[in-house]
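What the coordinates show
Listed here are the chains, written in short residue letters.
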Amino acid sequence: MSDIGPVAWTTRIGGELVGIPATTGTIRTALPKEQRAVFDSEVGSAPAGRLRLVLVSWVLSLASAGEEGDVVVARLRAGGFVGCTPLGPGAGVV
């Protein structure tokens, strides 16, 4: 994931700081070509309230977060946002 585009966020995975794509387009571009149709379908059919979760799932798969990523997604789906930082306009962008 070294080429994630000019807009990126950072997060910690396995205790290490990792850059992750921060737009729908850069997430899609970072995916292997054979996964892009599935990504498009999931993003295109996700209700607005769940779109963030869909994008987080794909980003974590790109970052090879593995089991840790699965735990994070499950916690977010259950409404657990402890440790999350709400971002304002332009906040958190590198």
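Refer to the structure above for everything that follows.
Residues numbered from 1 in each chain as written. Predicted model: local features only at pLDDT ≥ 70, side-chain atom pairs only at ≥ 80, totals over all residues. Heavy atoms only, no water.

On to the pairing of strand β1 (residues 8-13), then. Where β1 lies against strand β2 (residues 16-21), six bridges are found, and the strand directions are antiparallel. From the neighbouring strand, W9 faces β2, where its bridge partner is I20. In textbook terms, the turn of a hairpin is the stretch between consecutive antiparallel strands, and for β1 and β2 this stretch comprises two residues, one of which, G14, has a positive phi near 60°. (Pairing = 2+ DSSP bridges. Helix = DSSP H or I, 4+ residues; strand = E, 2+ residues; numbered from the N terminus.)

Structurally, the position occupied by R36 is in helix α2 (residues 36-45). The buried charged residue R36 lacks any salt bridge partner; its closest oppositely charged side chain belongs to D40, at an N-O distance of 7.8 Å. One polar contact links the side chain of R36 to the main-chain carbonyl oxygen of R28, over a distance of 3.1 Å. In this structure the side chain of R36 is engaged in a polar contact, spanning 2.9 Å, whose partner is the backbone oxygen of T29. Among all residues touching R36, those that are not within four sequence positions of it are R28, T29 and L31. (Buried < 20%, exposed > 50% of the residue type's maximum accessible area, 1.4 Å probe, protein only. Lys, Arg positive; Asp, Glu negative; His and termini not counted. Salt bridge = Lys/Arg side-chain N within 4 Å of Asp/Glu carboxyl O. Polar contact = N/O pair within 3.5 Å; in protein donor to acceptor, adjacent residues only side chain to side chain. Contact = heavy atoms within 4.5 Å.)

Within the element layout of this structure, F39 appears in helix α2. Separated by twelve residues in sequence, F39 and I27 have C-alpha atoms that sit 9.1 Å apart. When sequence neighbours within four positions are dropped, the list of residues in contact with F39 reads T24, I27, R28, L31, L55 and W58.

Turning to the nonpolar core, a few remarks are in order. The biggest cluster of nonpolar side chains holds 14 residues, and the ones touching the most others in it are I27, L31, F39, V43, V54, L55 and W58. Counting only elements with at least two residues in this core, the list comes to α2 and α3 (51-62). When residues of this core are assigned to their parent elements, the largest contribution, six residues, is made by α3. (Core = buried A, V, L, I, M, F, W, Y, C linked by side-chain atoms within 4.5 Å.)

Before going further, it helps to spend a moment on the packing of aromatic side chains. All chains considered together, the criterion is met by one aromatic pair. Arranged with centres 5.4 Å apart and planes meeting at 90°, the rings of F39 and W58 form a pair that is edge-to-face. Of this pair, F39 sits in helix α2 while W58 sits in helix α3; the two residues are 19 residues apart in sequence, bridging distant segments of the chain. Note on accessibility: F39 and W58 belong to one class, buried. (Phe/Tyr/Trp six-rings, centres within 6.5 Å; stacked < 30°, edge-to-face > 60°.)

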